[in-house]
Amino acid sequence: MRPPTALTIAGTDPSGGAGAQADLKAFTALGVYGTSVLTALVAQNTHGVSRVYDIDTDFVADQFDAVLDDMALDASKTGMLASAALVELTAARAERLGFLVVDTVMVATSGHRLLAEEAVEAMRHALLPVAGLITPNLPEAALLLGDDVEAARTAAEMEDQARALLARGPAAVLLKGGHGAEARVADVLALSPRLAGGAEPALVRFDHPRIDTPHTHGTGCTLSAAITAQMARRLLPGDAGGPGAGAAEALEPAVREGLDFLARALASGARWSLPLDPEGAHGPVDHTVDIAAQAPIEPARAPVEPAQVPNEAAQAPVEGASR
Ligand SMILES: Nc1ncnc2c1ncn2[C@@H]1O[C@H](COP(=O)(O)OP(=O)(O)O)[C@@H](O)[C@H]1O
Ligand SMILES: Cc1ncc(COP(=O)(O)O)c(N)n1
């Protein structure tokens, strides 16, 4: 039996909250066999990015070969692609990646660029047309639409931008509203007429209560990985090759479940205190939220008084002794 498989094409986060590490955790938490192609080594943690170490394009190509020559993929996702050359390399492999989710990562929360400025154009012309789903946040959506387009502020503007992005070629767009300010976070899913099975694009609106937490590092990575995992689980072999009938039926429930998984992971991560220095830190979400619920860690045990500690010597039966 072959398990559902997924690939992340992404940069690293040694502190484990974002990038390839977050993606692999989300794949595993959702029961999908995860593989990875690393695009950049990033020294970062909950306080930000300190340095990016580029990986040669031909070595990234070798990593693609290592995975693709060995395994069939049901779904893949992109995260940090770093350069125009890596955007184009990924687009050239699209046919073999299964259902392709493009998380249009551009700038880290800390302000560090994760995609070169000149690579945005490569993303527009090479990657959007081969994507099954793109998941821009509000500033990324505006930038993909044009250098002088402003981020959407209202629900109507979000719907217009989601439709405009569909016209750039992806089969579907999930425009994420996490960067807004309302008490509820709204996301808009736009499905192309081909996926929706009609003459017009179909729009679905999701919303969640906004969780009051600084721990939002890796939310975009985790969401796109969770949707990718849900697609890998839902697509039958043969459906994955393109956004066909299987993908059309799978996508809306996959997005809904991906968003619900992220909401649970955010709510649980909001209770964590991981960074040694909480001042200014953006901690991670809890990728283990569903797994941990099955194997809870005991709440801190009450301290044991010395008198309660069993004294092994005293309790061990003494050979031949009678009481
Ligand atoms: N404070 C929050 N409370 C609840 N959900 C959130 C919060 N912040 C982000 N999200 C969810 O995380 C998703 C990704 O967040 P967003 O900040 O828009 O993207 P990115 O992480 O790519 O910048 C959003 O679609 C939203 O559902
Ligand atoms: C390697 C890498 N990829 C992506 C992000 C963005 O993270 P977020 O999901 O918070 O936008 C990041 N900080 N590092």
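Keep in mind that what you see is a predicted model, and the values were worked out from it rather than measured.

Chemist: Give me the lowdown on helix H8 (residues 219-234), citing residues and values where you can.
Modeler: With 16 residues, H8 should cover 22 Å at 1.5 Å per step; its first-to-last C-alpha distance of 22 Å lies within 8% of that length. Counting buried residues in H8 gives 13 out of 16 residues, a clear majority hidden from the surface.

Chemist: Tell me about the site of ligand 1, residues and numbers included.
Modeler: Around ligand 1 lies a shell of 15 residues, among which Asn137, Lys176, His179, Asp187 and Ile211 are the nearest. The backbone of glycine 178 places a nitrogen or oxygen atom 2.9 Å from an oxygen atom of ligand 1. Considered class by class, the residues forming the shell around ligand 1 number seven nonpolar, five polar and three charged.

Chemist: Explain the confidence of the model for the protein chain to me, using residue names and the numbers behind them.
Modeler: With 89% of its residues at a pLDDT of at least 70, the protein chain reaches an overall mean of 90. Here residues 312-323 scores under 50 on pLDDT; set against residues more than four positions off or in separate chains, the count is one contact. Scored as a whole, the predicted complex attains pTM 0.91, and scored at its interfaces, ipTM 0.97.

Chemist: Kindly report on the environment of glycine 218, identifying the contributing residues and their values.
Modeler: Assignment of secondary structure puts glycine 218 in the loop between strand E10 (202-209) and H8. Among the residues examined, glycine 218 registers a relative accessible area of 10% and is labelled buried. Note: C-alpha distance between glycine 218 and threonine 109 (109 residues apart in sequence) is 9.2 Å. Among residues more than four places away in sequence, those in contact with glycine 218 are Gly17 and Ala18.

Chemist: Provide a residue-level description of the nonpolar core, including the pertinent values.
Modeler: Ranked by internal contacts, the top residues of the largest apolar core, which has 51 residues, are Leu7, Phe64, Val87, Leu97, Leu115, Met123 and Leu127. When near neighbours in sequence (up to four residues on either side) are disregarded, leucine 115 contacts Leu81, Ala82, Ser83, Val87, Val105, Met106, Val120 and Met123. The next biggest cluster of nonpolar side chains, apart from the first, holds 38 residues, and it includes Ala6, Ala172, Leu223 and Ala254.

Chemist: Go over the pairing of strand E2 (residues 33-38) with me, naming the residues and quoting the values.
Modeler: Across six bridges, strand E1 (residues 5-10) lies against E2 in parallel orientation. Bridged to threonine 8 within E2 is serine 36. Handedness of the crossover joining E1 and E2 through helix H1 (residues 19-29) is recorded here as right-handed.

Chemist: Mind laying out a negative patch on the surface, listing which residues take part and the relevant values?
Modeler: A grouping of Asp54, Asp56, Asp58, Asp62 and Asp65 is seen on the molecular surface, where their side chains present a negatively charged patch. Counting residues per element, the negative patch draws most heavily on helix H2 (residues 57-68), which supplies three residues. Mapped onto the elements, aspartate 62 comes out in helix H2.

Chemist: Give me the lowdown on the site of ligand 2, citing residues and values where you can.
Modeler: Taken together, the neighbourhood of ligand 2 is formed by 15 residues, with Thr12, Gln44, Gly218, Gly220 and Cys221 sitting nearest. Within the side chain of glutamine 44, an N or O atom sits 2.8 Å from a nitrogen atom of ligand 2. Cysteine 221 has a polar backbone atom sitting 3.1 Å from an oxygen atom of ligand 2. For ligand 2, whose accessible area on its own is 370 Å², the fraction buried by protein is 91%. With three residues, the single largest contributor to the shell around ligand 2 is H8.

Thresholds, definitions, all that
- Residues numbered from 1 in each chain as written.
- Chains lettered and ligands numbered in written order.
- Predicted model: local features only at pLDDT ≥ 70, side-chain atom pairs only at ≥ 80, totals over all residues.
- Heavy atoms only, no water.
- Helix = DSSP H or I, 4+ residues; strand = E, 2+ residues; numbered from the N terminus.
- Expected span 1.5 Å × (residues − 1).
- Buried < 20%, exposed > 50% of the residue type's maximum accessible area, 1.4 Å probe, protein only.
- Near = heavy atom within 4 Å.
- Polar contact = N/O pair within 3.5 Å; in protein donor to acceptor, adjacent residues only side chain to side chain.
- Nonpolar A, V, L, I, M, F, W, Y, C, P; charged D, E, K, R; others polar.
- pLDDT = per-residue confidence, 0-100.
- Contact = heavy atoms within 4.5 Å.
- Core = buried A, V, L, I, M, F, W, Y, C linked by side-chain atoms within 4.5 Å.
- Pairing = 2+ DSSP bridges.
- Right-handed = clockwise from strand over helix to strand, strands pointing away.
- Patch = residues over 30% accessible without salt bridge, like charges linked within 9 Å, V, L, I, M, F, W, Y side chains within 5 Å.
- Areas by Shrake-Rupley, 256 points an atom, 1.4 Å probe, with all protein chains shown as cover.
- Salt bridge = Lys/Arg side-chain N within 4 Å of Asp/Glu carboxyl O.
- Lys, Arg positive; Asp, Glu negative; His and termini not counted.
- Charge placed at Lys NZ, Arg CZ, Asp CG, Glu CD.

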